[in-house]
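Examination of the molecular architecture
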Amino acid sequence: MMTNKERRDRELPYISDDEIMEEQKRARRLTQELNSVDRSDFRRIGQIVEELLGKSEGAFINPPFYCDYGTHIEVGKNFFANYNCTILDVAKVVIGDNCQMAPNVAIYTAGHPVHPLVRNTAYEYGIEVTIGDNVWIGGNTVICPGVHIGSNTVIGAGSVVTKDIPDWVIAAGNPCKVIRKITDEDKKYYFRDREFDEETWTEVQRLI
């Protein structure tokens, strides 16, 4: 028979037994340190984040931050999560390069059976979440188990993402739905219909 840890890692129903809770203790120690460190000590924050996550390269997280394991979270280059991010990483959470998360973003790979009698058996599950490159997740967004978000996409604030979202779109709402495509025309705007001033636009063109 498989252990509960093996079942969890294969995205099968499992029970959080002593072996699994031992794994979680490491994350709880590190998140406690992260959430109590001097908030102006950016160097130490970065060190804790690097130790906590399974894969990262220059990631920065503004505490407080909460996760179950940390080792199941893999982020690409230049990852940034703002205050009060929660990632329930029972299953893998894989995030690409240059991704940004506004405050209060929650990513849930964890779930429980719908029927109460089955749910009360303590069996739960985790289904992987993946997010592509260059994605911006707006504040108070919830991303549910099994969701895949494509590259170069923006998720509007307050969204509840229950299904996959493709590349190069703006999507928002509860449930989150595609609003429109992102095109080259969007380059010259920094907020809605506000265009970059000439000085800034010259610098932007140099940087992109």
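A brief structural summary. (Residues numbered from 1 in each chain as written. Predicted model: local features only at pLDDT ≥ 70, side-chain atom pairs only at ≥ 80, totals over all residues. Heavy atoms only, no water.)

**Quick notes on helix 3 (residues 42-52)**
Formally: Whether a residue is buried, partly exposed or exposed follows from its accessible area with a 1.4 Å probe, protein chains only, as a fraction of its type maximum: under 20%, in between, or over 50%, in that order. Numbering of helices and strands starts at the N terminus; helices are DSSP runs of H or I of at least 4 residues and strands are runs of E of at least 2. In this context, the arc is that of the directions from the helix axis out to the C-beta atoms. What makes two residues a contact is simply this: any of their non-hydrogen atoms within 4.5 Å.
Within helix 3 the residues assigned to the buried category are Ile45, Ile48, Val49 and Leu52. Considered in projection along helix 3, the buried side chains sweep an arc of 100 degrees and stay on one side of the axis. More than 90 degrees from the buried face of helix 3, the exposed residues found are Arg43 and Glu50. Contacts made by the buried residues of helix 3 are with helix 2 (18-36), strand 2 (60-61) and strand 3 (65-67).

**Re the environment of Lys5**
Along the chain, the position of Lys5 falls in helix 1 (residues 4-9). Taking the C-alpha atoms as reference points, Lys5 and Glu19, 14 residues apart in sequence, are found 7.4 Å from one another. Setting aside residues up to four positions removed in sequence, Lys5 forms contacts with Glu19, Ile20 and Glu23.

**With respect to the pattern of salt bridges**
For clarity, the cut-off: What counts as a salt bridge is simple: a side-chain nitrogen of Lys or Arg found within 4 Å of a carboxyl oxygen of Asp or Glu.
Taken as a whole and judged by the stated rule, the model has ten salt bridges. Between Lys5 and Glu23 there is a salt bridge, and its shortest N-O distance comes to 3.1 Å. Of this pair, Lys5 sits in helix 1 while Glu23 sits in helix 2, and the two are 18 residues apart along the sequence. Judged by its relative accessible area of 28%, Lys5 falls in the partly exposed class. Here Glu23 falls in the partly exposed class, since its relative accessible area comes to 25%. With its nearest N and O atoms 2.6 Å apart, the salt bridge here joins Glu23 to Arg8. Here Glu23 is found in helix 2, whereas its partner Arg8 is found in helix 1, with 15 residues between them in sequence. Taken together, the shared-partner salt bridges in this structure form one network comprising Lys5, Arg8, Asp9 and Glu23.

**A look at the side chain of Ser151**
How we decide: We call two N or O atoms a polar contact when they sit within 3.5 Å, provided that within protein one can donate a hydrogen and the other can accept it, with sequence-adjacent residues counted only if both atoms are side-chain atoms.
Inspection of the secondary structure assignment puts Ser151 in the loop between strand 15 (148-149) and strand 16 (154-155). Within the local environment of Ser151, its side chain forms a polar contact with the backbone nitrogen of Asp133, the two atoms lying 3.0 Å apart. Residues contacting Ser151, with those up to four places away along its chain left out, are Gly132, Asp133, Val135, Asp167 and Trp168.

**Considering the packing of aromatic side chains**
Any two aromatic rings considered together are summarised by their centre-to-centre distance and by the angle between their planes. Basically, it comes down to this: Two aromatic rings, drawn from Phe, Tyr or Trp (for Trp, its six-membered ring), form a pair once their centres lie within 6.5 Å of each other, and the interplanar angle then sorts them: stacked below 30 degrees, edge-to-face above 60, tilted otherwise.
Tallying each qualifying case throughout the model produces four aromatic pairs. Taken together, a centroid distance of 5.7 Å and an interplanar angle of 50 degrees make the contact between Tyr190 and Phe196 tilted. By relative accessible area, which is 25% here, Phe196 ends up partly exposed. Joined through ring pairs, the aromatic side chains of Phe42, Phe60 and Phe80 make up one cluster.

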